[in-house]
Amino acid sequence: MENTAGHWDTVYKNKHDNELGWYEQDLNQTFKFIHNVPLLAESPIFIAGAGTSTLISSLDAQGYLLSVNDISEHALKISQSQLPVPDKHNWIRQSIAEPLELEQTCELWIDRAVLHFLISADAQHAYFENVRRIVKPGGYILLAQFSEDGAKTCAGLPVKGYSVADYQAKLADFKLIASERYVFINPFGQARPYNYVLFKRLK
């Protein structure tokens, strides 16, 4: 199975949110890291591979300006339908491993469980090129991916786990602000260890 738009459209068309292995009803772990970022009202935030996450509506309700990315057009349509004014945000349907062209940089890049689907070195390089293209100097990136000893597949696809050191190797021009190993219990009651990290861009 390939990591394609068709694959992900099928996933989101055939499953409800609570049937998705990455569905996160409780956002406290994510917000624990977000609260370390000095965001202002209407701060621009980029959400990579957002899917149908409830994080979108939560950040919208707090007044932030969002750039919401996903490879699945169907997932983005679902998320748009859940917001009172979806047009105030920027919706970007493309692979996160392709060059992003945004008019505005962001204060915070958030990625929970997308980077780990990028298996090839070229895809990973393109991802972090996008990070440097979009996150402004002094901005932040919050990553939460399967840990190096975590699951090896998800949604029928292989995944690459990350240690804190793995993140640091990819973000040498960023400063590590916070990190934590977190065991997520998915909707099926399965334990999925993640490594959460928050980095600040230095230049």
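It should be noted that the structure appears before, not after, this text.
Residues numbered from 1 in each chain as written. Predicted model: local features only at pLDDT ≥ 70, side-chain atom pairs only at ≥ 80, totals over all residues. Heavy atoms only, no water.

K.L.:
Help me out: how do you make sense of unusual backbone geometry in this one?
P.N.:
Despite not being glycine, Glu42 has its phi angle at roughly 65 degrees, a positive value. With respect to the helices, strands and loops of the structure, Glu42 is situated in the loop between helix H2 (28–34) and strand S1 (44–47). Positive phi is not limited to glycine here, since Ala113 has a value of about 75 degrees. Along the chain, the position of Ala113 falls in the loop between strand S4 (106–112) and helix H5 (121–134). (Helix = DSSP H or I, 4+ residues; strand = E, 2+ residues; numbered from the N terminus.)

K.L.:
Help me understand the side chain of Asn130, please; the structure alone is not making it clear to me.
P.N.:
Positionally, Asn130 belongs in helix H5. One polar contact links the side chain of Asn130 to the main-chain carbonyl oxygen of Ile96, over a distance of 2.8 Å. If we skip the residues at most four places from it in the chain, Asn130 touches Ile96, Glu98, Pro99, Leu100 and Trp109. (Polar contact = N/O pair within 3.5 Å; in protein donor to acceptor, adjacent residues only side chain to side chain. Contact = heavy atoms within 4.5 Å.)

K.L.:
Help me understand helix H1 (residues 5–14) in this model?
P.N.:
Three or four residues apart is the spacing at which side chains of an α-helix point the same way, because the helix has 3.6 residues per turn. His7, Trp8, Asp9, Val11 and Tyr12 are the residues of H1 that are buried. Of the surrounding secondary structure, the elements contacted by the buried residues of H1 are strand S2 (65–70), helix H4 (73–81) and strand S7 (157–158). (Buried < 20%, exposed > 50% of the residue type's maximum accessible area, 1.4 Å probe, protein only.)

K.L.:
Is there a simple way to think about the pattern of salt bridges in this case?
P.N.:
Here the structure, examined in full by the defined rule, presents 6 salt bridges. A salt bridge links Glu180 to Lys32; its shortest N-O distance comes to 2.9 Å. In this pair, Glu180 sits in strand S8 (residues 174–185) while Lys32 sits in helix H2, placing the two residues 148 residues apart along the sequence. The class for Lys32 is partly exposed, based on a relative accessible area of 42%. Residue Arg132 pairs with Asp173 through a salt bridge whose shortest N-O separation is 2.8 Å. Of this pair, Arg132 sits in helix H5 while Asp173 sits in the loop between helix H6 (164–170) and S8, and the two are 41 residues apart along the sequence. (Salt bridge = Lys/Arg side-chain N within 4 Å of Asp/Glu carboxyl O.)

K.L.:
Could you clarify how one ought to interpret H5 in this entry?
P.N.:
Compared with an ideal rise of 1.5 Å per residue, which puts 14 residues at 20 Å, H5 spans 20 Å between its outermost C-alpha atoms and is within 8% of the ideal. Taken together, the buried positions of H5 are Ala123, Gln124, Ala126, Tyr127, Phe128, Asn130, Val131 and Ile134. Check the buried side of H5 and you find it contacts S1, S4, strand S5 (135–146), H6, S8 and strand S9 (191–201). (Expected span 1.5 Å × (residues − 1).)

K.L.:
Would you mind showing me how to read the environment of Asp173 here?
P.N.:
Taking the C-alpha atoms as reference points, Asp173 and Tyr140, separated by 33 residues in sequence, lie 12 Å from one another. With sequence-adjacent residues up to four places away left out, Asp173 is seen in contact with Arg132, Arg201, Leu202 and Lys203.

K.L.:
So what exactly am I meant to see when it comes to the sheet that holds strand S3 (residues 90–93) here?
P.N.:
Taken together, 7 strands build an open sheet; the order of strands is S3-S2-S1-S4-S5-S9-S8 and the sheet is mixed. Strands at the two margins of the open sheet, each flanked by one partner only, are S3 and S8. Averaged over all pairs of adjacent strands, the angle between strand axes in this sheet comes to 15 degrees, irrespective of strand direction. Note: S5 against S9, 7 bridges, orientation antiparallel. Directly across from Leu142, in S9, lies its bridge partner Leu198. The sheet contacts of H4 involve S2 and S3, and relative to S3 the element is tilted by about 160 degrees. (Pairing = 2+ DSSP bridges. Axes fitted to C-alpha atoms, helices over the stretch in contact; angles between N-to-C directions.)

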